[in-house]
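# Coordinate inspection notes
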Amino acid sequence: MNAALLVILFFLVLCIWLGLQARKGKDMNMEQWSVGGRGFGSILLFFLLAGEMFTTYTFLGASGGTYRSGIPTALYAFNCFYFVIAYWLLPPVWKYAKKHNVLSQSDFYEKKYNSPALGVLVAIISVIAIIPYLVMQLKGLGIIVSQASYGSISPNMAIVVGVIAITIYVTVSGMHGAAWTAIIKDILILAVVVFMGFYFPFHYYGGIQPMFEAINTAKSGFLLFPEQGLSISWFVSATIMTALGFYMFPHMLAGVFTAKSAKSLRVNAGVMPIYQIIIVFSLLIGFSAIIQVPNLNGTDADLALFKMAKMSFDPWFVGVIGAAGAMAALIPSSLILTATATLLSKNIYKVWKPNTTDQQLVKLSKMLVPVIALVGLYFSFNGGNSVLTLYLMSYSFMVQLFPALFFSLWKRNPVTVQGAFAGMIVSIMIVAYSTITEMSVATLFPSFPNVIKDLDLGLAVLMINIAVTLGVSVVTKKSAARVDDDTTISNLV
Amino acid sequence: MKKVFLLTLIPALGSLFVINRVEPYVLGLPFVLFWAICWVGLTSLFLIIANKLDPANKEEEEL
């Protein structure tokens, strides 16, 4: 057993211990388990939501993406648009959730539209979109731990151990476990990524500017947006699409519901961008690898960070990096497990068996955690490329839930249940079809200018979705009812 | 409310506005990257000011 492995094990045990501690003094009813009793103040909320943004993507994806395609993916990595959306969208959603005791994302749709069937549809779409997301985290975990342990632990072994660990503390502590482990994870990631982001450019190039100058000479055009492909048009549309889809994920909304007040969500929106600065260091790591470890092709680009770390540091420090990366995968996975279990028990099972008590619901949710974890494991081992396809689809899927939520916050909701159903079903089918057939705006309209051809497909389908939703709503308007006033997006609309 | 809305609109538009050039380097970073990072800080600043001025915070306390 080497030093790196010991360090990773130490942090894993610490993680489980903290997760189990978190439940002390709490009576675990459904509200405590799924949304932390809605009692998380600004600081804990900050770590929980920020923890959700810093996943294996921050660790492997941002540095790997930068290594692969330079500036376009680097700029895409910090999305300021998220926070402006968060500022306006989350407080009214939270207020409604608090008032009507909403525990999951599907609950919100079910209660707003007074339709359990819509809740079920939303729950099904979300589960389909979220499982690949879980699988990608688990695969990332496997890569990180096997790399950091110098191959002494296989990726599959690492995934199994990780899944057992989160299953234990999620089952026991639910949302409370996730919040407390998120804090150590963030401190560790911050320290490790900032250190490497400074160390590599100075050690290998003598500074940050010399590094960029070297890259600019070696690969001309790499530090600019290209005319087509990953162009500025792609950047703008993909940024908007991701920001709109981001908060639709069930585990993100569940995180939002843990807030103590609407104000803590607004404060959070203002502070979170500062946290994004960490990603800059992850990008610097990716840039520094371009000349030092050339010729990593395809998915190997995601190993850029570990290749750099292993040729520069002692094994014990590689272990610390591995531990930080492993937690970056485990925390989001634990949130996903909690949110998915809540969806399945509350929004599908309870609709089918309405007289289930709260006590039975908690028990069922807890029993579902290992089941969902096993499904995640199965796809991690057997999914192959189809998982990647599904993953690309998951944001485009989730963003299609945006119109029904957004319009429901208006003083007079112009959307009817039928409209919401039609919009979701039509757009989901287009996204699924186009992902499977690898269709894009460019293949549909090859003669259009690049500005249009590079548009993100999810955003294009969102436009169709809005048109269908509103169109069907106008036709079915008669039965539409007024919603109560104090949970609308204020005087804006 | 109008003023608060405009305050948040500035970072929404500004962060999507790309200046696609490498030179001049600022703080060692290519200009396109430096500009984007600036907007991360500015987004934070604008949202914090907006929150200070937002009448919604007062109204909620009275509830």
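Scope of this entry: the structure provided in the associated data block.

## Observations regarding the overall build of chain B
Counting secondary structure elements, chain B contains three helices and zero strands. In sequence order, chain B lays out its α and β elements as α-α-α. Counting the 63 residues in chain B, one finds 51% classified as buried. In chain B, once contacts between residues fewer than 6 apart in sequence are set aside, the share between residues at least 24 apart is 51%. By element, 70% of the accessible surface of chain B is carried by carbon and sulfur atoms, the whole surface being about 3500 Å².

## Here we look at helix α16 (residues 315-352) of chain A
The end-to-end C-alpha distance of α16 of chain A is 53 Å, a good match for the 56 Å that 38 residues give at a rise of 1.5 Å each. The element α16 of chain A is extensively covered by neighbouring structure, given that 30 of its 38 residues are classed as buried.

## Focus: the packing of helix α1 (residues 3-21) of chain A against α16 of chain A
All names here are of chain A. Contact pair α1 / α16: the axes reach a minimum separation of 7 Å and the direction vectors enclose 35 degrees. Classified by chirality, the crossing of α16 by α1 is right-handed. Counted together, A3, A4, V7, I8, F11, L12 and C15 of α1 and P315, W316, G319, V320, G322, A323, M327 and L330 of α16 form the full contact between these two elements. In terms of residue class, the contact of α1 with α16 is made up of 13 nonpolar, two polar and no charged.

## Description of the packing of helix α6 (residues 81-99) of chain A against helix α1 (residues 2-14) of chain B
In a pair of packed helices, the angle between the axes and the distance between the axes together describe the arrangement. At a minimum axis distance of 9 Å, the contact between α6 of chain A and α1 of chain B shows a crossing angle of 160 degrees. Considered as vectors, α6 of chain A and α1 of chain B are oriented roughly antiparallel to each other. Helix-helix and strand crossings are classified by hand; for α6 of chain A and α1 of chain B the assignment is left-handed. Contacts from F81, V84, Y87 and W88 of chain A of α6 of chain A reach α1 of chain B at V4, F5, T8, P11 and A12 of chain B. Of the residues assigned to the contact of α6 of chain A with α1 of chain B, the class counts are eight nonpolar, one polar and no charged.

Definitions and cut-offs
- Residues numbered from 1 in each chain as written.
- Chains lettered and ligands numbered in written order.
- Predicted model: local features only at pLDDT ≥ 70, side-chain atom pairs only at ≥ 80, totals over all residues.
- Heavy atoms only, no water.
- Helix = DSSP H or I, 4+ residues; strand = E, 2+ residues; numbered from the N terminus.
- Buried < 20%, exposed > 50% of the residue type's maximum accessible area, 1.4 Å probe, protein only.
- Contact = heavy atoms within 4.5 Å.
- Areas by Shrake-Rupley, 256 points an atom, 1.4 Å probe, with all protein chains shown as cover.
- Expected span 1.5 Å × (residues − 1).
- Axes fitted to C-alpha atoms, helices over the stretch in contact; angles between N-to-C directions.
- Left-handed = near helix turned anticlockwise from the far one by under 90°.
- Nonpolar A, V, L, I, M, F, W, Y, C, P; charged D, E, K, R; others polar.
- Parallel < 35°, antiparallel > 145°, perpendicular 65-115°, else oblique.

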